[in-house]
Every structure is written in structure tokens, then in C-alpha cells.
Amino acid sequence: MMTDPIADMLTRIRNAVRVERPYVDIPASRVKRGVADVLKREGFIWDWKEEDTEPVKTLRLELKYGPNGERVIQTIKRISKPGRRLYSRSKELRPVLGGLGIRIISTSKGVVSDREARRDKIGGEVLCEVS
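Residues numbered from 1 in each chain as written. Predicted model: local features only at pLDDT ≥ 70, side-chain atom pairs only at ≥ 80, totals over all residues. Heavy atoms only, no water.

If you check an unreviewed UniProt entry, the chain appears there as Small ribosomal subunit protein uS8 from Rhodopirellula sallentina SM41. Quoted verbatim from the Function (unreviewed entry) field of UniProt, the annotation for the chain is "One of the primary rRNA binding proteins, it binds directly to 16S rRNA central domain where it helps coordinate assembly of the platform of the 30S subunit." For the chain, the Sequence similarities (unreviewed entry) comment in UniProt is given as "Belongs to the universal ribosomal protein uS8 family." (UniProt positions renumbered as here; feature names shortened; annotations may be inferred.)

This is the structure:
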């Protein structure tokens, strides 16, 4: 049994980026699909797709690198953890690295980036920070 599947997803992405893999496979869930969708919208990955595998479906994320092999995802870390949940209002969300990074927020409207949460004036659980 895995206690924190989001942390597992982030660790798989971090490890794949470190060894410059073109893609990474992750067991699928609704929240993970939302996180992958936010990463795609914000330009941190090329694309993602869901594949039918046994015993569970798999998400395949196509990782993005610069023209000279630079990493687009420099850091990715979990903020809210199972032992200590962190919630934030839209007014409390500040830009990461002056707008170069994002926070991924789980809201009542789904999983969104901090920019979208500030724009729509909704708060929620801060899942992770990517820069």
C-alpha cells in the first residue's frame, strides 16, 4: 500500500528528468491526470496520454527538454503531505520564482495552477511546486 501517490508521481518525474528520459510511466488516477494536465498547460511537459495496461491504467508523460538538452523541470517538490495538509486562499498565493515556476492546487473546480487559482479567485490544497 502506498501512502502518498502524488509524492510517488513527483519522484518518478524527478528521477526521469535527472537521467534525461524522454518519457515516464506512472499509475493513473484522477488527481494525477489533473497534475499532468496542469504541467502540460504550463509548458513543463510536451504531452501525456493514458494507456490501458494491467492491472491499472498508466499515464505516460513526455518530458520536455531545451534545445541543448537543458531541463525544463529544474525542481519539483511536494508541499502538502499526508501528515500535514497545507491549504491556501487565492489571496495568499504568491508567484513562484517571480512567475517562472508554478504551484499546483487541488480546488473544488479541479486541479489548477496557482495562476488559474488567482485569476478565478479560488483556493485549495497546495499539492506541489514546480520550477
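We are not done yet, so read on.
### Here's the deal with the sheet that holds strand β2 (residues 45-51)
As summarised here, the arrangement of the three strands in space is β1-β3-β2, forming an open sheet in which the pairing is antiparallel. If you trace the sheet from one side to the other, it starts and ends with β1 (23-27) and β2, each paired once. On average, each strand axis in the sheet is tilted by 20° relative to the strand beside it, whichever way the strands run. Note that β1 and strand β3 (residues 58-63) share five bridges and pair antiparallel. Paired with Pro27 across the two strands is Thr58, which belongs to β3. The sheet strands contacting helix α2 (residues 30-41) are β1, β2 and β3, and the helix crosses β2 at an angle near 155°. (Pairing = 2+ DSSP bridges. Helix = DSSP H or I, 4+ residues; strand = E, 2+ residues; numbered from the N terminus. Axes fitted to C-alpha atoms, helices over the stretch in contact; angles between N-to-C directions. Contact = heavy atoms within 4.5 Å.)

### Quick notes on the pairing of strand β6 (residues 102-107)
The element β6 is largely enclosed, with a buried count of five among its six residues. Direction of pairing for β6 relative to strand β8 (residues 124-130): antiparallel, over a ladder of five bridges. Residue pairing across strands places Ile104 opposite Cys128, the latter belonging to β8. Across four bridges, the pairing between β6 and strand β7 (residues 110-113) is antiparallel. Each bridged residue has a counterpart across the sheet, and for Ile104 the counterpart in β7 is Ser113. Linkage of β6 to β7, two consecutive antiparallel strands, is achieved through a turn of two residues. (Buried < 20%, exposed > 50% of the residue type's maximum accessible area, 1.4 Å probe, protein only.)

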